[in-house]
Amino acid sequence: TLQRGAEYVAHQEKKKTLQREAERVCRKEAALLAAAAKLKEAQADWAANSSKLDRESRALRVELEGLAKQRREAMQQSLVAEIATKTSRLEEMEKQLARMAT
C-alpha cells in the first residue's frame, strides 16, 4: 500500500544517512589512528634525539672538565716556573749583596 511504500522509502533514506554517518566516523577514526601513529613516531624520534643529546652533553662536560684541569695544571706549572725564576734572581741578588758586604 501507499503508506507502506512511504515507510519503506523513509527507512531506506534513514539507512543511507546512517551509512554515510558510519563512513564519516570510519574516516575520522582512520585519520585519528594515522595521527596517533605519527605522534608515536615523533615521540620515538624525540626520545632518540634526547638520548643522543644527553650523551653528547655528558661527553662535552667531561671534555670541558678535562680542559679546565689542563688549564689549572698549566697555570700551576707557569707559577712554579715564575717562582723558580724569581727565587733564582733573589739568590743571585743575595750573593751580590754578600760580595758587596765583604
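Only a predicted model underlies this, so the values are computations on that prediction, with no experimental measurement involved.

Rules used in this analysis
Residues numbered from 1 in each chain as written. Predicted model: local features only at pLDDT ≥ 70, side-chain atom pairs only at ≥ 80, totals over all residues. Heavy atoms only, no water. Helix = DSSP H or I, 4+ residues; strand = E, 2+ residues; numbered from the N terminus. Rg over C-alpha atoms; globule rule 2.2 N^0.38 Å. Buried < 20%, exposed > 50% of the residue type's maximum accessible area, 1.4 Å probe, protein only. Areas by Shrake-Rupley, 256 points an atom, 1.4 Å probe, with all protein chains shown as cover. Salt bridge = Lys/Arg side-chain N within 4 Å of Asp/Glu carboxyl O. Patch = residues over 30% accessible without salt bridge, like charges linked within 9 Å, V, L, I, M, F, W, Y side chains within 5 Å. Lys, Arg positive; Asp, Glu negative; His and termini not counted. Charge placed at Lys NZ, Arg CZ, Asp CG, Glu CD.

## Brief notes about the overall build of the protein
So, point 1. A tally of regular secondary structure across the protein gives one helix and zero strands.
So, point 2. At 43 Å, the protein has a C-alpha radius of gyration far larger than the 13 Å of a compact globule built from 102 residues.
So, point 3. Counting only C-alpha atoms, the protein reaches 150 × 15 × 5 Å along its principal axes.
So, point 4. Counting the 102 residues in the protein, one finds 0% classified as buried.
So, point 5. For the protein, the accessible area works out to roughly 9,700 Å², and carbon and sulfur atoms hold 61% of it.

## Here's the deal with the pattern of salt bridges
So, point 1. This model, assessed by the stated rule, comprises two salt bridges.
So, point 2. The residue Arg 24 makes a salt bridge to Glu 21 at a minimum N-O spacing of 2.5 Å. On the criterion of helical spacing, the pair formed by Arg 24 and Glu 21 is a turn pair, its members being three residues apart in helix α1 (residues 2-101).
So, point 3. In this structure, Lys 86 engages Glu 82 in a salt bridge whose closest nitrogen and oxygen atoms are separated by 3.2 Å. Here Lys 86 and its partner Glu 82 are both found in helix α1, four residues apart, which amounts to about one turn of the helix.
So, point 4. By relative accessible area, which is 48% here, Lys 86 ends up partly exposed.

## A look at a positive patch on the surface
So, point 1. A surface patch of like charges, here positive, comprises Lys 52, Arg 55, Arg 58 and Arg 61.
So, point 2. Checked against the element boundaries, Arg 58 lands in helix α1.
So, point 3. Exposure remark for Arg 58: the relative accessible area of 46% places this residue in the partly exposed category.

## Brief notes about the environment of Arg 61
So, point 1. Relative to the assigned elements, Arg 61 resides in helix α1.
So, point 2. Arg 61 gets classed as partly exposed once you look at its relative accessible area, which sits at 44%.
So, point 3. Sequence spacing of Arg 61 and Arg 4 is 57 residues, and the spatial spacing of their C-alpha atoms is 83 Å.

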